[in-house]
Amino acid sequence: MKPPIAHASAQAAEEAFYDAMQHGDVAGMMALWADDEEAVCVHPNGARLVGIGAIRAAFERMFAQGGVDVRPALAQSHQGVMVAVHNLVEKVLVSGRGGSEVIECVATNVYVKVTGGWRILMHHASPLGDTPGPDVGPPASTLH
């Protein structure tokens, strides 16, 4: 088992997250997660996994046949002193009856700053719908 890894930036942690996905590296993936039993992971169309044990088991099943060809795109991020939230589109290459195709998922990754750097606390991905969202225009000056 690899020792926990804390990266110098949330962006570096995110790059390592998707690299571990590409390579099917369970140990590398789990070394990125915050040492917190409140960690949460939701894979597309999957159950809500709470705790490092459940998250590890899901990645072990996912990587049993190798890595996942997923490419992050269209990232937006917000970073504070201790928390960073990244929202992006994951382009996942899958093989089906008609050959290979790209499935797009929208994902939110939450990173926390711990001693020595940044670790992932939450990953939530859902299939991107076929219809575009409503055009809501510019943000209002008042939230409520």
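It should be noted that the structure appears before, not after, this text.
Residues numbered from 1 in each chain as written. Predicted model: local features only at pLDDT ≥ 70, side-chain atom pairs only at ≥ 80, totals over all residues. Heavy atoms only, no water.

### Let's talk about the pattern of salt bridges
1) Next: Taken as a whole and judged by the stated rule, the model has three salt bridges.
2) Next: In this structure, R71 engages D69 in a salt bridge whose closest nitrogen and oxygen atoms are separated by 3.0 Å.
3) Next: On the accessibility criterion, R71 (48% relative accessible area) is partly exposed.
4) Next: The residue E104 makes a salt bridge to K91 at a minimum N-O spacing of 2.5 Å. With E104 in strand β5 (residues 99-114) and K91 in strand β4 (residues 83-96), this pair connects stretches of sequence that are 13 residues apart.
5) Next: Classification of E104 by relative accessible area gives partly exposed; the value is 30%. (Salt bridge = Lys/Arg side-chain N within 4 Å of Asp/Glu carboxyl O. Buried < 20%, exposed > 50% of the residue type's maximum accessible area, 1.4 Å probe, protein only. Helix = DSSP H or I, 4+ residues; strand = E, 2+ residues; numbered from the N terminus.)

### With respect to the pairing of β5
1) Next: Pairing between β4 and β5: 14 bridges, direction antiparallel. Directly across from V85, in β5, lies its bridge partner V110.
2) Next: Connecting the antiparallel pair β4 and β5 is a turn made up of two residues.
3) Next: Relative to strand β6 (residues 117-127), β5 is paired through 10 bridges, and the arrangement is antiparallel. Across the sheet, residue A107 finds its bridge partner in β6, namely A125.
4) Next: Linking β5 back to β6 in an antiparallel pair, the connection comprises two residues, with G116 at a positive phi of about 95 degrees. (Pairing = 2+ DSSP bridges.)

### Quick word on the sheet that holds strand β1 (residues 40-42)
1) Next: One open sheet accounts for six strands, arranged β2-β1-β6-β5-β4-β3; its pairing is mixed. Edge positions in the open sheet fall to β2 (48-50) and β3 (70-79), since each of these has one partner strand only. With direction set aside, neighbouring strand axes in the sheet form an average angle of 25 degrees. (Axes fitted to C-alpha atoms, helices over the stretch in contact; angles between N-to-C directions.)

### Considering unusual backbone geometry
1) Next: The phi angle at N45 is positive, at roughly 60 degrees, despite the residue not being glycine.
2) Next: With respect to the helices and strands, N45 occurs in the loop between β1 and β2.

### Digging into the pairing of β4
1) Next: One ladder, built from eight bridges, connects β3 with β4; its direction is antiparallel. Across the sheet, S77 pairs through a bridge with H86, a residue of β4.
2) Next: Between β3 and β4, which pair antiparallel one after the other, the connecting turn spans three residues.

### Concerning the packing of aromatic side chains
1) Next: If you walk through the whole model with that rule in mind, you get two aromatic pairs.
2) Next: Note on F17 and Y18: the rings are 5.0 Å apart at their centroids and 85 degrees apart in plane angle, and the pair reads as edge-to-face. In terms of burial, F17 and Y18 fall into one category: buried.
3) Next: On the numbers, 5.5 Å between centres and 40 degrees between planes, the contact of F59 with F63 is tilted. With respect to class, F59 is no different from F63; both count as buried. (Phe/Tyr/Trp six-rings, centres within 6.5 Å; stacked < 30°, edge-to-face > 60°.)

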